[in-house]
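As a plain string of letters, each chain reads:
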Amino acid sequence: MELRPGPAMLTDYALDAYVAPELSRLGTPELPSLASLATVSKNWLPDFLLNHMLRFALPPRERQFRFGLIRRTVAAIAEYELGRNALGEYVCNPLRHVISPYFSALRHLEAAVAVTYQAQALGAALVDPKKPLFDDHASPCGRLWKVYVHSRHSHDLFDSAQVLPEQSLTVWLTNDGLTCAGATVRYAELSAMIDELGRIVEFLVDPKPEDPSPVTGQPSPDTASGATEVSPANLP
């Protein structure tokens, strides 16, 4: 029988010091599933484009912001689900030194944080460009922003010595959620924010004039914002 070398066993100290902070204490966190949302979200972009071409013509800025919001929400759902599945693969494997699934989960969940924040920023600017996205840095959105910044600007954090010398990550996974220095966005909070974005996007993709917008509480922006209803009478 041929023996092949396998991955080296790592101690708890090695996992925490050289792989990721708190990795040895990672249990089996349960991330809420967005699988049903992932199924329906695949149709949102083509449905929006068809509705824009055939049912209503939006002003350029509103069309651009809606399109960006929809695209990033679809990405957030997909990245979250990929991260959730990869993390499940890692924590269900008794060989915790097999770390590839952990970093796959971290990569996808960091991406989910990024596009979730970008989608929220687009949605807020669509409603009121002058209003800040959040006022409280301790709120879920404020902590999401901080994790996003730590992920995006890791090079600045390394150069400015804001990360412990023994650490190689600025964002890592814990039993509660995605964590950086001074903030954690919980898995349940992230999934709830993405789910809320999905509810908004479903309205923007196929708005009904009689339904209040989940963003503003007002009637459909297609009638409230002056968007032109496309009909045979006004087609060129």
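Owing to the predicted nature of the structure, the values given are computational and were not obtained by experimental measurement.

A closer look at the overall build of the protein chain
Part 1 of the reasoning: Helices and strands together make up the secondary structure of the protein chain, namely 9 helices and 5 strands.
Part 2 of the reasoning: Seen in sequence order, the protein chain has helices and strands lined up from the N terminus as α-α-α-β-α-α-α-α-β-β-β-α-α-β.
Part 3 of the reasoning: For the protein chain, with 236 residues in total, the buried portion stands at 42%.
Part 4 of the reasoning: Partitioning the intrachain contacts of the protein chain with sequence separation of at least 6 by distance along the chain shows that 67% fall at a separation of at least 24.
Part 5 of the reasoning: For the protein chain, the exposed area adds up to about 12,800 Å²; of that, 57% sits on carbon and sulfur atoms.

Digging into helix H1 (residues 12–19)
Part 1 of the reasoning: Listed in full, the buried residues belonging to H1 are Ala14, Leu15, Ala17 and Val19.
Part 2 of the reasoning: The elements touched by buried residues of H1 are helix H5 (100–127).

A look at the packing of aromatic side chains
Aromatic rings considered in pairs are described by the distance between their centres and by the relative angle of their planes.
Part 1 of the reasoning: Going through the model one piece at a time under the given rule, you end up with 4 aromatic pairs.
Part 2 of the reasoning: Plain terms: the ring middles of Tyr13 and Tyr18 are 6.2 Å apart, the flat faces sit at 85 degrees to each other, and that makes the pair edge-to-face. The pair Tyr13 / Tyr18 is uniform in exposure class, with both members exposed.
Part 3 of the reasoning: An aromatic cluster is defined as three or more aromatic residues linked by ring pairs; in this entry it consists of Tyr90, Tyr102 and Phe103.
Part 4 of the reasoning: The positively charged end of Arg61 is found above the aromatic ring belonging to Phe65, 4.1 Å away from the centroid.

Describing the nonpolar core
Part 1 of the reasoning: Among the nonpolar cores identified, the biggest contains 59 residues, and Tyr102, Leu173, Leu178 and Leu190 are the most heavily contacted of them.
Part 2 of the reasoning: Residues contacting Tyr102, with those up to four places away along its chain left out, are Ala20, Leu23, Leu26, Tyr90, Trp172 and Leu173.

Let's talk about the sheet that holds strand S3 (residues 177–180)
Part 1 of the reasoning: Strand order in the open sheet formed by 3 strands is S2-S3-S4, and the pairing between neighbours is antiparallel. Both outer strands of the open sheet, strand S2 (172–173) and strand S4 (183–186), are each paired with one neighbouring strand and no more.
Part 2 of the reasoning: Relative to S4, S3 runs antiparallel, the two sharing 4 bridges. Counted as the bridge partner of Leu178 is Val185 from S4.
Part 3 of the reasoning: Against the sheet, helix H6 (residues 140–152) touches S3 and S4, its axis set at about 115 degrees to S4.

Examining the pattern of salt bridges
Part 1 of the reasoning: Going through the model one piece at a time under the given rule, you end up with 7 salt bridges.
Part 2 of the reasoning: Residues Glu81 and Arg84 are paired through a salt bridge, measuring 2.9 Å at the closest nitrogen-oxygen approach. One end of the pair is Glu81 and the other is Arg84, both in helix H4 (residues 60–91) and 3 residues apart, which spans about a single turn.
Part 3 of the reasoning: Under the relative-accessibility criterion, Glu81 is labelled buried at 8%.
Part 4 of the reasoning: With relative accessibility at 21%, the residue Arg84 sits in the partly exposed group.
Part 5 of the reasoning: For Arg143, the salt bridge goes to Glu189, with nearest N and O atoms at 2.8 Å.

Some thoughts on the pairing of S3
Part 1 of the reasoning: Sheet topology places S2 next to S3; 2 bridges connect them, and they run antiparallel. Directly across from Trp172, in S3, lies its bridge partner Thr179.
Part 2 of the reasoning: What sits between the antiparallel neighbours S2 and S3 is a turn of 3 residues.
Part 3 of the reasoning: If you look at the hairpin formed by S3 and S4, you'll find 2 residues sitting between the two strands, and Gly182 has a positive phi there, around 95 degrees.

The rules behind these values
- Residues numbered from 1 in each chain as written.
- Predicted model: local features only at pLDDT ≥ 70, side-chain atom pairs only at ≥ 80, totals over all residues.
- Heavy atoms only, no water.
- Helix = DSSP H or I, 4+ residues; strand = E, 2+ residues; numbered from the N terminus.
- Buried < 20%, exposed > 50% of the residue type's maximum accessible area, 1.4 Å probe, protein only.
- Contact = heavy atoms within 4.5 Å.
- Areas by Shrake-Rupley, 256 points an atom, 1.4 Å probe, with all protein chains shown as cover.
- Phe/Tyr/Trp six-rings, centres within 6.5 Å; stacked < 30°, edge-to-face > 60°.
- Lys NZ or Arg CZ within 6 Å of the ring centre and 35° of its normal.
- Core = buried A, V, L, I, M, F, W, Y, C linked by side-chain atoms within 4.5 Å.
- Pairing = 2+ DSSP bridges.
- Axes fitted to C-alpha atoms, helices over the stretch in contact; angles between N-to-C directions.
- Salt bridge = Lys/Arg side-chain N within 4 Å of Asp/Glu carboxyl O.

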